[in-house]
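What follows is the residue order along each chain.
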Amino acid sequence: MIRTSLFALFLVISAASHAAPAPDTPGNRLDAANHLFELPAYRLIATRQLYESLNSLPAEQHKRAVAALSDPAVMASMRGVISRSMAQTFSTAELEHLARFLQADEARSMIDKTQNFQSILTRELLTASVSDPELIRILLGK
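Here the structure is a predicted model, which means the values were calculated and not measured.

K.L.:
Would you mind showing me how to read the overall build of the protein here?
P.N.:
When helices and strands are counted, the protein shows 8 helices and 0 strands. Traced from its N-terminal end to its C-terminal end, the protein shows the element sequence α-α-α-α-α-α-α-α. Expressed as a percentage of the 142 residues in the protein, the buried residues total 17%. In the protein, once contacts between residues fewer than 6 apart in sequence are set aside, the share between residues at least 24 apart is 67%. Approximately 10600 Å² of the protein is accessible, and the part contributed by carbon and sulfur atoms is 63%.

And the structure:
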């Protein structure tokens, strides 16, 4: 009896975890995009992307923008901008899939490795440009 009850409970939980995806409406997209901020891996990605975007600003604007990020109201506003942009770009199913991926241990590991990847890529590009001078002209647009 206990086995049957446990098996039935397992089936109910399993079925609930594989429920049909939410309809793809603007509200559901925004909810799914907002949910991403509950995930540490996503917050790390969003923060990195934000700071990288700020690096394209002129020095004085960059300095003011970075200083402004210490204001919780500015950060809340930025979070809203990012969520709305994600909701306008991706479907509910895509955002939910992204959330499932970012919950995995492997996601955090991959995010942690991106800086190392960037360093390796830069080194490899420099090596390739030394061995192939034409490549550097192409990359620099000359």
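K.L.:
Explain the packing of aromatic side chains to me, please; I cannot follow it from the model alone.
P.N.:
For any pair of aromatic rings, the description consists of the separation of the ring centres together with the inter-plane angle of the planes. A complete count under the given rule lists 1 aromatic pair for this structure. Aromatic side chains Phe37 and Tyr42 sit 5.1 Å apart centroid to centroid with 85 degrees between the ring planes, which places their arrangement in the edge-to-face category. No difference in accessibility class separates Phe37 from Tyr42, as the two residues are buried.

K.L.:
When you look at the side chain of Thr92 in this model, what are you seeing that I'm missing?
P.N.:
By the element assignment, Thr92 lies in helix 6 (residues 92–102). Given the relative accessible area of 1%, Thr92 is considered buried. A distance of 3.5 Å separates a polar atom in the side chain of Thr92 from the backbone nitrogen of Arg29. Sequence-distant contacts of Thr92, that is, excluding residues within four places in its chain, are made with Ala22, Pro23, Asp24, Thr25, Asn28 and Arg29.

K.L.:
How should the pattern of salt bridges be read in this particular structure?
P.N.:
A side chain with one charge may pair with a side chain of the opposite charge, provided their charged atoms come close. According to the stated counting rule, one finds 3 salt bridges in the structure shown. Here Arg29 and Asp24 are joined by a salt bridge, their closest N and O atoms 2.8 Å apart.

K.L.:
Help me understand a nonpolar patch on the surface, please; the structure alone is not making it clear to me.
P.N.:
A cluster of nonpolar residues, Phe117, Leu121, Leu125, Ile136, Leu139 and Leu140, forms a patch on the protein surface that exposes about 540 Å² of accessible area. Mapped by element, the contributors of at least two residues to the nonpolar patch are helix 7 (105–131) and helix 8 (133–140). Inspection of the secondary structure puts Ile136 in helix 8. For Ile136, a relative accessible area of 32% corresponds to the partly exposed category.

K.L.:
It is not clear to me how the packing of helix 7 against helix 8 should be interpreted in this structure. Could you clarify?
P.N.:
Packed helix pairs are specified by the crossing angle of their axes together with the interaxial distance, meaning the distance between the axes. Relative orientation of the contacting elements helix 7 and helix 8 amounts to 120 degrees, with a least axis distance of 4 Å. In this view, helix 7 runs oblique relative to helix 8, as classed from their interaxial angle. For the pair formed by helix 7 and helix 8, the contact residues are Leu125, Ala128, Ser129, Val130 and Ser131 on the first element and Pro133, Leu135, Ile136 and Leu139 on the second. Of the residues in the contact of helix 7 with helix 8, the class split is 7 nonpolar, 2 polar and no charged.

Rules used throughout
Residues numbered from 1 in each chain as written. Predicted model: local features only at pLDDT ≥ 70, side-chain atom pairs only at ≥ 80, totals over all residues. Heavy atoms only, no water. Helix = DSSP H or I, 4+ residues; strand = E, 2+ residues; numbered from the N terminus. Buried < 20%, exposed > 50% of the residue type's maximum accessible area, 1.4 Å probe, protein only. Contact = heavy atoms within 4.5 Å. Areas by Shrake-Rupley, 256 points an atom, 1.4 Å probe, with all protein chains shown as cover. Phe/Tyr/Trp six-rings, centres within 6.5 Å; stacked < 30°, edge-to-face > 60°. Polar contact = N/O pair within 3.5 Å; in protein donor to acceptor, adjacent residues only side chain to side chain. Salt bridge = Lys/Arg side-chain N within 4 Å of Asp/Glu carboxyl O. Patch = residues over 30% accessible without salt bridge, like charges linked within 9 Å, V, L, I, M, F, W, Y side chains within 5 Å. Axes fitted to C-alpha atoms, helices over the stretch in contact; angles between N-to-C directions. Parallel < 35°, antiparallel > 145°, perpendicular 65-115°, else oblique. Nonpolar A, V, L, I, M, F, W, Y, C, P; charged D, E, K, R; others polar.

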